[in-house]
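These are the residues of each chain, in order.
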Amino acid sequence: MRKMKFNKYILLLSLALTGAVFTGCQEDYEAVPLEQFTEDFVFSNTDSLGVQAKRYLNAVYYFLPNGHNRVWADYLDAATDDAVSSAITENDVTRLARGQYTAQSTLGSEMNWGRYYQGIRMATTFINNIDVVPLMETFNDGQPLNSAWKSEARFVRAYLYFQLVKRFGGVPLLGDEAPTLEDDLELPRNSVEECVDFIVTELDDIRDSLRIMPISDLNSNGHVVTREAAMALKSRVLLYAASPLFNGGNIDRANPLTGYPSADPIRWKDAADAAKYFIDSYSFFDLLPEYKDIFITSANSEIIFHRQGGNNREIETRNGPVGFIGVNLGDGRTSPSQNLVDAFPMKNGKAISDPTSGYDPANMYVNRDPRLKATILHNGATWLTEVLETFDGGVNNPTGSVQKTKTSYYLRKFMGNFENENEYSDTRHDWIMFRYAEILLNYAEAQNEFAGPSPEIYQVLIDIRNRAGIEPGDDGLYGLKAGMTKEEMRAAIHNERRIEFAFEEHRYYDLRRWKEAETVMNQPIRGLQIVKSGNNFNFREIVVFEPSFDQRQYLYPIPYDEVVKNRNMIQNPGWEL
Amino acid sequence: MIRTRKYHSNMGFYANKDARHLRNYYLKTDIMFKFYRIANKHAALLLVMMLLVSFVQGQDVDQLMSIAESGIVTDNYGNPISNVTIHVKGQEKTFVTDQAGRFELDVEPGQVLVLSHPEYYTSKRKVKANDLSGGGFSVSLHDKYLKDPDQMDVLYGSMDKESFLGAASTIYTDQIASPLSSSVISSFAGRMAGLYVQQNSGFRSPNTTSNANNDLIGSVPVLGGGITSDNTMFSLNSRGMGPVVVVDGVQRELFSLDPENIESVSIQRDALSSIFLGMRSSRGVLLVTTKKPTDNQFQLSFTGRYGIQNSIRIPEPLSAYQHAYLLNEALQNDGNAPAYTYEDFEAFKNGTNLISHPNNNWYDILLEDNAPIQSYNLNVSGGGSVAKYYVSLGYFNQEGFFRTSGMNSYNTNMGIDRYIINSKLDVNITDELKLGVTIIGRIEEGNQPGSGYSGILDDIFRTPNGAYPVYNPDGSYGGNISFTNNLMSRTVNSGYISDESRDAIANIDLSYALDSYVKGLSFKAITNVSSQNKGAIERVKRSLVYEYKPGEDGEDGRYDPFGVLSSQNNNFVSVASARFWYSQAGFDYHTKIDKHNIEAGTHADINVVTSNYDLPQRPANIALRGRYNYDGKYFAEAAVTESYFNRYNEGDRWGTFYAFGLGWDVSRENFLKDVDWLNQFKLRAVYGKTGNGVDNSGYYVWRQTFRTAYFGDYSYPQGNNYTTGEGVVNNTLANPNISWEKGHKLNIGTDISLFNNRLQITGEYYRDNYFDLLQTRGRNVQLMGLGYPNENIGEKLFYGGELTVTYQDNIGDFNYFVTANWGQNSSEVLFVDEQHKPYEYNMVTGKPDAVRFGLTADGFFNSVDEIERSAVIGGFEIQPGDIKYKDLNNDGEINTFDFSPILGEKPLSYYGMTVGFNYKGVDFNVLLQGVYNREIYMGDNVFMAGFQGYGQSYGQAYSHMIERWTPETSETARFPRLAAGGNSYNMGPNGWLTSFWVESGDYLRVKDVYLAYTLPDVVCNQLLGGTKVKFFVSGQNLFTGSDVDLRDPEVEFRSYPLQRVLSTGINVKF
């Protein structure tokens, strides 16, 4: 019997232990992981500082692209006639310039359809929820910051839609809903017209609820979207909408997804008006006297809006000339072309093809538009106190298989003023998205297309050239021909945009909207081979790349999968696959 | 010494008789243990020991004398073996040993005895005169290599093998312990039907990054997600699923257990075997049972092994001259300027200036040919009727093949040291209540060069021979703008990373016989607590490299520095930390009414795993099981499990899974009873509904959540000061309805045993239909702006068969066996919500699960004309010497519509065969292991295409590049024309696969060879005091035959290469 009791005791103990095992150790942790927070935490009705909401807004801003070495470490302009990539490996800008992409193999670095919609969704989520947050901070005339933040997100969303439209034409507009798993997402594309209208309406809507330039507290808010940024975007959108690619030169005339079904010159007027409105309304802006400094000085009078970069040596390291070591190491990623060099006029403003320009092929860098030296580095130029040797076998163009210039030129633009410095130092490298010179040239271009040359248009070009350091000349026309026709003026404006905005991601899309890509991008891209003999240099033009452009490339293909998965999605012309 | 042995043999007998002897017994065994250990080192002390032993056991002398006239049969430890049949040759006379292993010795000198027992090799022994004259007659028998015990381990218990209805393949210690390796898995390949093992690396791959979730015991492998566990060298696959590892009744990965400690490993693949796993039951069970205190005799075993490893198949790089020559060709093919001049060629070729034109085969320079590997294990067990123990100490060491430098006071080579202590104590508290305590401690220490072994291997693989000199004339490390981190410096002068993991596992088993309440009822419970911590210390530095530029006209040159100089830093990384808490309890009931055998059981368990900072996961199960058999003839079994998992949405956390099986032993039927060549003919079938839900459930993915992004993506610098602006971003779209995957698993099998069990055949057929598989939906358009979640939509079928055939027999005492196994896994994708594809051959649905799609290669373009006439891929500049692809749909263009299956269409089949014999103390066995219907994709651009971009220059290329296409060799070329800096058109246009790079992955390896010699009884007994000594040599991966000739069929070049291991060892038992 004793033993029996013992057994019972043991049995009870073990059962109790087992019970404890199954019921114990609960409630030691939260039921769901609280570090993975939910929407009501991000947009909290008690967060009067908007800490979390601000972070979400930061993530929305993040979707603004930074153009520096954006396309697989190359500048998009290396896919135009202005430059080639120095990369020794296959790269996306070469594929872009060669048309080496299809609907089944889009190039994610430049045609990332899904990424834009990711940003659009985030912006929409922000727009829909920010009003919950009881922000205490106010702006402008004392209204709560909510409306400014909301409008900033709407700006980003509009900007992303514009990125889609200039690449793909009309795209599905999702409105103000962030779709859920249950939603039918077999959406058709909206027409180009609907997209442009949506973007412009949004921009007009938000204009008065954004902060105003100049921003007073630059150290904390130097990056925010302003009223002026919205109007600058509007100017650009309307300029694109008025351009031949969408306005009369559509690659598929009857197809509203590729442009306006009928051409209408009044769209040029809308574009000119938008630019004019900007010029007239926002007197804060002016051309910065020193061209080179636009890109490395913060909050200068020319910057309308920029994508935040950083204070670093990245641009110099990636694109600076090879042949330097230590902190001055450069990878020479970008090789500007002879085509671009030839596009710069002489210091007197005359094109080098003009027999009266004074151009000397044996001293081709002498007496040129000062912007040339601010844009490229050439053989014999001074950099880091050294005289660059980009001749064959020179220090900056060594033999062997190492990556180096393919054209004898290196990129100079965007870099700090290191001509006479011993070494690179940290430099501000923001990506300037809108600057005043663009608004001026937008106006000149649209006005010329709508009404032909006028003194105002001349004045724009003169202002730009004057700032660039071109001499006024006896006639005060800075090398411009007097009494130009509309066509001559168009050519002058196109070339001015090319050299003024080189490597600023304008030319690639300008060539498309002007429908000039089919000509320009089927011509060889040239470089210079320089052979040193004694103290002399022999120059020989060489073809470094043969691009190729096809009509269908005016618009990118929508990724094949997106078309197959969505029965209402229509592919762009020529891109069935 | 024979007396001593007998003393041992009887010790347990006495202890059984009277528990009071226990204390005494412990005392004696302890003393003896110590002396035996000393004796091993100092043979001269044997005598002292003998005296002492006689002293402590003096009281038993009488007993010994009384059995002097009989013989005794023991195993290698000297434990008695009962039921040994002893046949006197040429006579009818047969003896059988009793419980104490004794038998009456009624024979004449000169007669030959044949001793046989199902678990031991048949042995012959001639009776000598002194056997009968007081010396005593003693024979020891040798364990069979292939074991076939009547009881088998199943999940959370054991059962009569006869009643088992599922599919199981089991191996035992001898098979497991043969390879000398850091992982016990290296012995699995080719041994068990139904388990496919692929080796991915020749060395463990230590994780030294912070907060890593893998590399932990207890984290269970995920299908398709690779294996996350302490196993980093192998992938395991059983019927298309990664099996769940259960060690001694607890779910955990513990692949770096000491093989000497493992009693058996079994892969059980049917639904009934795994159903108690509930939400993990879709996957097979890999059951590991470690050695237990088996009986109440003191026994000791020591094994020491030492071996040499060398790498199988190191790639052959091009010499610097060949590289330069072919790079020029590649550049010119693409219309680029050549990089090297004629003078460069000459300099590379003649080695005239090894600074400017070096030729370094990095494999030769940085890697040693041989590296040592060793292991030592000592285990002892013993005890009495009240308590038994088993204690094992193990040490393992493996060194890597990196060259080291005498300049360092520390080790930079790769290496692993492992210490395991495993102790078990079984206590019978009362006759009814038994308690088992297991404590396992493991310390694993690893080392690697500071620069990281995998990075070094990768760079050895990518750096051309002519890239830079190892040292400059002034002794500094060579390098240049592209190669900024000298490989020699990385190998011997980059400091070191040492990692350490510590595991502690404590286990309490409790079993309680409740016969006094209900006859046949018992209760058992297990509680297991374990923890693992893994950390790494990084003492890492980096040196500058210098490019030497000689001055003109013999002047002093210039040294240009590149790279980064960082002095040794000292950093601690907390790699992983995990706590495991597992508890299990259940009742078992069995009864026998006439010929009806009935068993029933309940089971409940909960497993709490807290890994790093994640909330604990808590899978739990409640289950019932019933077993029935009628007279060992008809069998039935059924089980149902209610399974819970806390990471699902509330209301979706419980699931029901069930399985049942039927069996029929036809040979027991009356009409076959008299067929004496048929020992067993069992037919059996199991069907069940299973689940797969714990390991693929994600982390609370039913909640729509956000995360903070501190730097980089989704953050935005603020204002003119670029103040960090953290971001908050959406996580993937939530799936509020997520649930476990489900399966309907059917297994039909047969066990046939013929000719007095000499020939045994086991065959299985299975058909596992998995549904509600987690996949993203087909219409996952990017307009959503967020990633789509996994949803329960897919359906796949896995089916196939396995076969095991074993034949064993003896000719006198020449015992031999052949055992072979084969398995095949076919599959079919039934539903994947596939987007529309215009052609049937584009579709995945209806094709095998492993199928991969790509373009079909059709030789090379040999002329521009041919290119112009052919369909091509848009945008590429194609040249003669490029691969021609087939336009399957004849639309004049090569695109994804020309995709068809190029890989994985055939059902993977694998096999193994072990042949062996035992003769007069010599054991020999050899394992052949192979796979067929396997294909590999040779997609490594560095290796297959060569000249990939590296830094600002071009990387390595290998000797097979000689066989590239050129206009002259267009007829015989094996590879396309050369290109520099990537040639995606040939290697995989637009990231597509092409059939050109598919090669057969079939192979046959001589996986394991083992030869041992055990000293004869005479020597052991008379000179070594009964200590059994065995010497052995073994070899792994001695020979490989494969279709693919450029690399090993299993291990790729970027990984640590597969090792051939030759080792020698000694085993001592008493």
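Residues numbered from 1 in each chain as written. Chains lettered and ligands numbered in written order. Predicted model: local features only at pLDDT ≥ 70, side-chain atom pairs only at ≥ 80, totals over all residues. Heavy atoms only, no water.

Some points on a negative patch on the surface
All names here are of chain A.
Reasoning step 1: Together, Glu177, Glu182, Asp183 and Asp184 make up a negatively charged patch on the protein surface.
Reasoning step 2: In this fold, Glu177 is placed in the loop between α6 (145–168) and α7 (192–206).
Reasoning step 3: On the accessibility criterion, Glu177 (58% relative accessible area) is exposed. (Patch = residues over 30% accessible without salt bridge, like charges linked within 9 Å, V, L, I, M, F, W, Y side chains within 5 Å. Areas by Shrake-Rupley, 256 points an atom, 1.4 Å probe, with all protein chains shown as cover. Salt bridge = Lys/Arg side-chain N within 4 Å of Asp/Glu carboxyl O. Lys, Arg positive; Asp, Glu negative; His and termini not counted. Charge placed at Lys NZ, Arg CZ, Asp CG, Glu CD. Helix = DSSP H or I, 4+ residues; strand = E, 2+ residues; numbered from the N terminus. Buried < 20%, exposed > 50% of the residue type's maximum accessible area, 1.4 Å probe, protein only.)

Quick word on the side chain of Thr690 of chain B
Reasoning step 1: One can find Thr690 of chain B in strand β31 (residues 678–692).
Reasoning step 2: Here the side chain of Thr690 of chain B touches Ser282 of chain B through a polar contact of 2.8 Å, side chain to side chain. (Polar contact = N/O pair within 3.5 Å; in protein donor to acceptor, adjacent residues only side chain to side chain.)

A look at the packing of aromatic side chains
Reasoning step 1: Counted according to the given criterion, the structure contains 85 aromatic pairs over all chains.
Reasoning step 2: A ring pair is formed by Tyr56 of chain A and Phe706 of chain B, whose centres lie 5.8 Å apart and whose planes are at 70°; its orientation type is edge-to-face. Pair noted here: Tyr56 of chain A is in helix α3 (residues 51–62) and Phe706 of chain B is in strand β32 (residues 706–709), and the two residues belong to different chains. Grouping residues by exposure puts Tyr56 of chain A and Phe706 of chain B together as buried.
Reasoning step 3: When the ring of Phe660 of chain B is compared with that of Tyr687 of chain B, the centres are 6.1 Å apart and the planes differ by 55°; the resulting orientation is tilted. Of the two residues, Phe660 of chain B sits in strand β30 (residues 654–665) while Tyr687 of chain B sits in strand β31, which places them 27 residues apart along the sequence.
Reasoning step 4: Taking the relative accessible area as the measure of exposure, Tyr687 of chain B reaches 28% and is therefore partly exposed.
Reasoning step 5: Chaining the aromatic ring pairs together yields one cluster made of Tyr101, Trp113, Tyr117, Tyr161, Phe168, Phe198, Tyr556 and Trp575 of chain A.
Reasoning step 6: When the ring centre of Tyr508 of chain A is taken as reference, the NZ or CZ atom of Arg512 of chain A above it lies at 3.7 Å. (Phe/Tyr/Trp six-rings, centres within 6.5 Å; stacked < 30°, edge-to-face > 60°. Lys NZ or Arg CZ within 6 Å of the ring centre and 35° of its normal.)

Observations concerning the nonpolar core
Reasoning step 1: Core analysis: the largest hydrophobic core is formed by 183 residues, its most contacted members being Leu96, Phe126, Phe155 and Tyr161 of chain A.
Reasoning step 2: The dominant element in this core, judged by the number of residues it contributes, is α6 of chain A, at 14 residues.
Reasoning step 3: Non-local contacts of Leu96 of chain A, meaning those with residues more than four positions away in its chain, are made with Val71, Leu76, Ala79, Tyr101, Leu107, Glu110, Met111, Tyr508 and Tyr556 of chain A.
Reasoning step 4: Within the second largest apolar cluster, 76 residues are counted, among which are Leu331, Leu367, Ala857 and Tyr954 of chain B. (Core = buried A, V, L, I, M, F, W, Y, C linked by side-chain atoms within 4.5 Å. Contact = heavy atoms within 4.5 Å.)

Re the interface of chain B and chain A
Think of interface size as the accessible area that goes away when the parts come together; that is how it is often given.
Reasoning step 1: With 97 residues of chain B at the interface, the matching set in chain A holds 93 residues.
Reasoning step 2: At the junction of chain B with chain A, the criterion picks out three salt bridges.
Reasoning step 3: For Glu186 of chain A, the salt bridge identified is with Arg779 of chain B, shortest N-O distance 3.9 Å.
Reasoning step 4: Viewed at the interface, chain A and chain B are joined by 35 residue pairs in polar contact (both at pLDDT 80 or more).
Reasoning step 5: Elements with a contribution of two residues or more to the side of chain B that touches chain A: β22 (495–513), β23 (521–542), β25 (558–562), β26 (566–593), β27 (596–611), β32, β33 (727–730) and β46 (953–954) of chain B.
Reasoning step 6: Each residue belonging to the side of chain B that touches chain A can be placed in one class, and the counts come to 45 nonpolar, 37 polar and 15 charged. (Nonpolar A, V, L, I, M, F, W, Y, C, P; charged D, E, K, R; others polar.)

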